[in-house]
Each structure stands twice: as C-alpha cells, then as structure tokens.
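Take a look at the letters that make up each chain.
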Amino acid sequence: MIFLEHQAKQLVTTQRTFFNTGQTKQVEYRIQALQNLKEGIEKYQQRILDALRADLNKSEAEGYGSEIRIVLGELDYTLEHLREWATPRNVPTSSAMPDAASTIYPEPYGVALIIAPWNYPFQLAFGPLIGAIAAGNCAVIKPSELTPATSRLINDLIQDIYPEEYIAVMEGEVETSTALLNEKFDYIFFTGSTGVGRIVMKAAAEHLTPVTLELGGKSPAIVHRDADLKLAAQRLVRGKFLNAGQTCVAPDYLVVDEQVHDQLIEEIRAEVRDKFGDDVMQNKDFPHIVNTRNFDRLNAFLTNGKTLMGGRSNRDQLMIEPTVLGDIDWDSPVMQEEIFGPILPVFTYRDLNPMLDEIARRPKPLALYLFTENEAVQEQVLNQVSFGGGCINETLSHMTSHYLPFGGVGESGMGSYHGQQSFEVFSHHKSILKRTK
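Reading the values: rules and limits
- Residues numbered from 1 in each chain as written.
- Predicted model: local features only at pLDDT ≥ 70, side-chain atom pairs only at ≥ 80, totals over all residues.
- Heavy atoms only, no water.
- Salt bridge = Lys/Arg side-chain N within 4 Å of Asp/Glu carboxyl O.
- Helix = DSSP H or I, 4+ residues; strand = E, 2+ residues; numbered from the N terminus.
- Buried < 20%, exposed > 50% of the residue type's maximum accessible area, 1.4 Å probe, protein only.
- Pairing = 2+ DSSP bridges.
- Contact = heavy atoms within 4.5 Å.
- Axes fitted to C-alpha atoms, helices over the stretch in contact; angles between N-to-C directions.
- Core = buried A, V, L, I, M, F, W, Y, C linked by side-chain atoms within 4.5 Å.
- Parallel < 35°, antiparallel > 145°, perpendicular 65-115°, else oblique.
- Nonpolar A, V, L, I, M, F, W, Y, C, P; charged D, E, K, R; others polar.

In the nomenclature of an unreviewed UniProt entry, the protein chain is known as Aldehyde dehydrogenase of Paenibacillus cucumis.

So this is what it looks like as structure tokens:
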C-alpha cells in the first residue's frame, strides 16, 4: 500500500507540473490529442474487441457497437465543435453598467481522475476522457480490475499515444483506487455502483474536489395498454439483455397493464428466440456474467416469484439465460437492489396512478422507459416521476445522443456528460466583468 500511495502521489505531482506549463490549455494541443486518440483506437481496434471477448464474452458486433462506435462518434462530434466550445462567450451586462462587458471563460480544472467500471470497460473509460482532454485537463484513468484484459489494453493504448505526465493509467485492485482517492485531484469522474459512489464522494470531500457520479438504480419500464406490443418487446429485449443485462440504464423491472400482460410476455419470448436462438445457453455470443460473485448473486434471484420465461444458468460458463419473473412484490429480494443481469421482474397494474406513486416513493432511478402513444399518459409519467433520463417507445437510445446530457439524479448520480456537456463538466466557467473606465 505504501508503494501504491507513493506511485499515486508521484503521478499526480508529475501531471500537475505538466499542467502548469499551460500546454494543455492550447486548443490546437487538445485537438491533436483527440486526433491521436482516434488513431490509437483504430490501430488497437482488434485488440479492443479481443479484450472485450475475453472479459465479458462480447461478440465483435456487440463490442464494436456498444463500445468502440460510441467512443469514435463522441470523438468526431467533439473534434467538430471543440473550437466553438472553447471560445470565451460574451454575455449581456446589467444596464446599470453601460461601460462594462461580460465574458465567460471556460478553463480546465487541472488534473482529473477517471474511475471506470467493468460493464462497458472501454466505452466508460474513454467517454469521460474525451471530455477531460477537450476541456484541457491532464487525467489519470483507473480501469476496473474485474475486466483485466481490457484494463491491460487501456494501459497499453494510453502509453502508446500519450506521455505519462499528460494522460496515464494506474491499474490495480481496490487498494489502487484508495491510494488515488487519497490524493488531491482537481476533478473526479466516477462510474459505478451507488455504494462505491458514496465512498468516492466522501474521499473527494476531504479535498473539496468536485465530482461527477454516474451511478445506477432500479430503472422501470412501463408498458401501457395502447402500446405497440411487438415493438415494445423488441426494444425491451434489446435494452434489457444487451451485455447480459449488465448495463446501468437497462430496464430493471417491467410494469405492464394487466390487459396486455400475457400478450407482451409472448412477444418477449418470441423476440428472445429470434435474437438469441432457440436455446440461448448454446449461443456462443451471449455475454457472460463478469465473475462468480456476481453470478451467485444473480442466480439466487432465479428462485424469486414464478418463472415466466428462461430461468436456466451455468456457473462454469458464468451464463444466465434471459429470464422473466412474475408474481413479484416490492419486498422480493430481486427488488431490493439493482439487478445488473439478464433477469426481468414483472408487475401488473389496473390503475397507473398508484403504480406511479409506488415508483416515485423509491430512490430516483437513472432511467425510465415508457411505451404508449397516449400523450396524456406521457406527460403524467414525466411530471410525476423523477429520474435521470429515458425514452418514450424506446430503450437505452437517449444515452447515445451527443445532444442529450446523460446522468442521474439523487441516488442514481449527479452531474452529466456526453457531447458538449462532456466539455462543460470538465471545465470551470470563469466569469469576468470588464469596465472601460
């Protein structure tokens, strides 16, 4: 631990010294750094895909679509707009000072710490890094130790394209995270569980370091009686079972009007068969649960309620097939924590109002998905339930838009990023009023 503490301190000191040279504040330097990152990702693309397969059994199609493509899209968007974002903005001045001008100057915080999770270990390390670089910061990345192949890959890629005094990776277990959090960073960006988020925020408070926390929670999906059930099933299956449900914005539980419950379950069963084959357990491309600890936690949920679909598992292969559970109540074990796996509990309702009250009484989720064409119902849900963000008649897609800030609220997180917001979150906005007399 003493060695790790020394390594972390030395790394932060080295990066702060480099930051103080002012090089990273130059827009041209940032643009070149982002272009180098894009070239590095393209060079390492096959290694990235191989690492994702080794850690999570992601197919090349899923690995590219859910990780590499999203990062490359964010890079292209940032490169297109960075000069505009970095330009100081003139704003109106009070009429009481007609001889004054007001300007907002975006400036980098300094040295940022990015702690990445294991479920999308490439995307969720490099997505925040793009914002940190664009805003002019130095950065240290702590990849997840639960995805060791991707962690090594991230380290190799970063070492290949950046000097350590600018961007660096520090691999390791929990002790490495602890050593880094003991240091005074200028900004901390964390993606992970709510429990660990509390630890990160407590450590940041010791240095009054600002934080962004991208957490999770139990995100509901609501299917109203007028929904297109086939379409809803297609999008629910994609959203829930992508990465074997190990997605922070995956639908965590399903709330469906009792009039269409049976038909929706049949549509979900048909969609799973169409997407993953007649026997998912034989599908060599279905992602695996990350480790035995998470597998055992998820496997225990399979005994909850009544199995409406799926229910099989294989510990040796770390595999759980897409499963739908009925006869669930709010006190069931599967409803006490974020599932983070391919298990979907289902509730039914006759009257939507008390169900929305029940959802609203619980910790604010990271996402909510609503399937209905009824605009009054849409407005009711949006006004009655607080959540980070979501979709109407879709799942997950809000987090892929460069134009929509992504983040949680309450126990699902604080702060947001993506697109311009990634630049903004890693920037301090310095307000200057200048008088001419």
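**Q** Tell me about the pattern of salt bridges, residues and numbers included.
**A** Tallied over the entire structure, the rule returns 23 salt bridges. The salt bridge involving R269 is made with E266; its shortest N-O contact spans 2.4 Å. Pair noted here: R269 and E266 are both in helix α10 (residues 261-276), with a separation of three residues, about one helical turn. Look at E266 and you get partly exposed, because its relative accessible area is 47%. D296 is paired through a salt bridge with R315; the nearest N and O atoms lie 2.8 Å apart. With a gap of 19 residues between them, D296 in helix α11 (residues 292-301) and R315 in the loop between β11 (313-314) and β12 (319-320) connect regions that are remote in the sequence. Overlapping salt bridges bring together D279, R312 and E321 as one network.

**Q** Run through the sheet that holds strand β7 (residues 211-214), naming residues and quoting values.
**A** In spatial order, the strands read β5-β4-β3-β6-β7-β18; together these six strands make up an open sheet with mixed pairing. Edge positions in the open sheet fall to β5 (167-169) and β18 (413-414), since each of these has one partner strand only. Relative to β18, β7 runs antiparallel, the two sharing two bridges. Each residue of the ladder has a partner; that of E214, found in β18, is G413. Across the face of the sheet, helix α6 (residues 148-161) comes into contact with β4 (138-142) and β5 while running at roughly 155° to β5. Packing against the sheet, helix α7 (residues 174-181) makes contact with β3 (111-115), β4 and β6 (187-191), and its axis sits at approximately 155° to β4.

**Q** Quick one: what's the story with the nonpolar core, residue by residue and with numbers?
**A** Counting residues in hydrophobic clusters, the biggest one holds 145 residues, and the most contacted among them are L37, I41, F126, L129 and I222. With nine residues, helix α5 (residues 123-135) is the single largest residue contributor to this core. Apart from the residues lying within four places of it in its own chain, the contact partners of I222 are V255, Y349, L352, L356, I359, L368, Y369, L370, F371 and V381.

**Q** Which residues make up the packing of α5 against α6, and what values go with them?
**A** The contact between α5 and α6 brings their axes to 11 Å, and the two run at 30°. It follows that α5 is roughly parallel to α6 by the angle criterion. When α5 is examined against α6, the residues A125, F126 and L129 are found in contact with a partner set consisting of I154, L157 and I158. Of the residues that constitute the contact of α5 with α6, the class distribution is six nonpolar, no polar and no charged.

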